[in-house]
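# Architecture and fold: a report
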Amino acid sequence: MTSLAVPIQMRFADIDSYGHVNNVTQLQYLEDARVRLSATRAQGIEGVPDGVSFGDLSGTRLKVVGRQEVEYLAQLHYRLDPVTVEVWVSHIGATSYVLNYRLCDHTQEESGNDPTVYAIGQSTTVQIGRESGRPERLNEQQRAFLEHYSGDPVTFGRRPAGD
């Protein structure tokens, strides 16, 4: 699996009245990773010119969130060290793609421990025409870019029975 690891510097204002990072703020961290993936410049991706981003390949088409789901696994308290959001693609459709996220702390790996995972998530992003507002197909270069960052989907563990 190839993912993009995005360091996120927390702000003291991210803390809510319970003393941990608010759930909505954690969604913003995932959004930051999604935007950074779109702005990442291709390097050595077959079928994609070096130096172009997914945003460049999208042209004037919009990328909008059609669905998102987050599972919070541990409380995230304020800290000076950045947290990391890993983002990767698990599905590429005709007009949409599914991004997966892992919000975690990699500083523990230095001492031989597994990283703490605070949240996992998925979002489905749909490409739409700016003028029409209708879904538009991903082109071959976009697909190659997304395939470079592909991996298995996150596994949600706290779903209600029957889902």
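It should be noted that the structure appears before, not after, this text.
Here's what I pulled together on the structure shown here. Model, not experiment: these values are computed from the prediction. (Residues numbered from 1 in each chain as written. Predicted model: local features only at pLDDT ≥ 70, side-chain atom pairs only at ≥ 80, totals over all residues. Heavy atoms only, no water.)

With that out of the way, let us pick up the pairing of strand 5 (residues 116-128). Among the 13 residues that make up strand 5, 12 are buried, leaving the element largely enclosed by the rest of the structure. In this sheet, strand 5 lies alongside strand 2 (residues 62-72) in antiparallel orientation, the contact comprising 10 bridges. If you follow L62 over to strand 5, its bridge partner there is I128. Summarising the sheet, strand 4 (residues 96-105) and strand 5 pair through 10 bridges and their orientation is antiparallel. Paired with L103 across the two strands is A119, which belongs to strand 5. (Buried < 20%, exposed > 50% of the residue type's maximum accessible area, 1.4 Å probe, protein only. Helix = DSSP H or I, 4+ residues; strand = E, 2+ residues; numbered from the N terminus. Pairing = 2+ DSSP bridges.)

Take the pattern of salt bridges next. One pass over the full model with this rule turns up five salt bridges. Note that R41 is salt-bridged to D56, the shortest N-O span being 2.4 Å. On the criterion of sequence distance, the pair formed by R41 in the loop between helix 1 (23-39) and helix 2 (54-58) and D56 in helix 2 is long-range, its members being 15 residues apart. With a relative accessible area of 48%, R41 lands in the partly exposed category. For D56, a relative accessible area of 43% puts it in the partly exposed group. Here R67 makes a salt bridge to E69, at a shortest N to O gap of 2.9 Å. (Salt bridge = Lys/Arg side-chain N within 4 Å of Asp/Glu carboxyl O.)

With that out of the way, let us pick up the sheet that holds strand 1 (residues 4-8). Taking strand neighbours across the sheet as the criterion, the five strands line up as 1-3-4-5-2 in an open arrangement whose pairing is antiparallel. The open sheet has two free edges, formed respectively by strand 1 and strand 2, since each of these has just one partner strand. For this sheet, the mean inter-axis angle between neighbouring strands, taken without regard to orientation, is 25°. The strands that helix 1 touches are strand 1, strand 2, strand 3 (83-92), strand 4 and strand 5; relative to strand 2, the one it contacts most, it runs at about 135°. In the packing of helix 3 (residues 140-148) onto the sheet, contacts are made with strand 3, strand 4 and strand 5, and the angle to strand 3 comes to roughly 130°. (Axes fitted to C-alpha atoms, helices over the stretch in contact; angles between N-to-C directions. Contact = heavy atoms within 4.5 Å.)

Worth remembering: the numbers are spatial, not functional.
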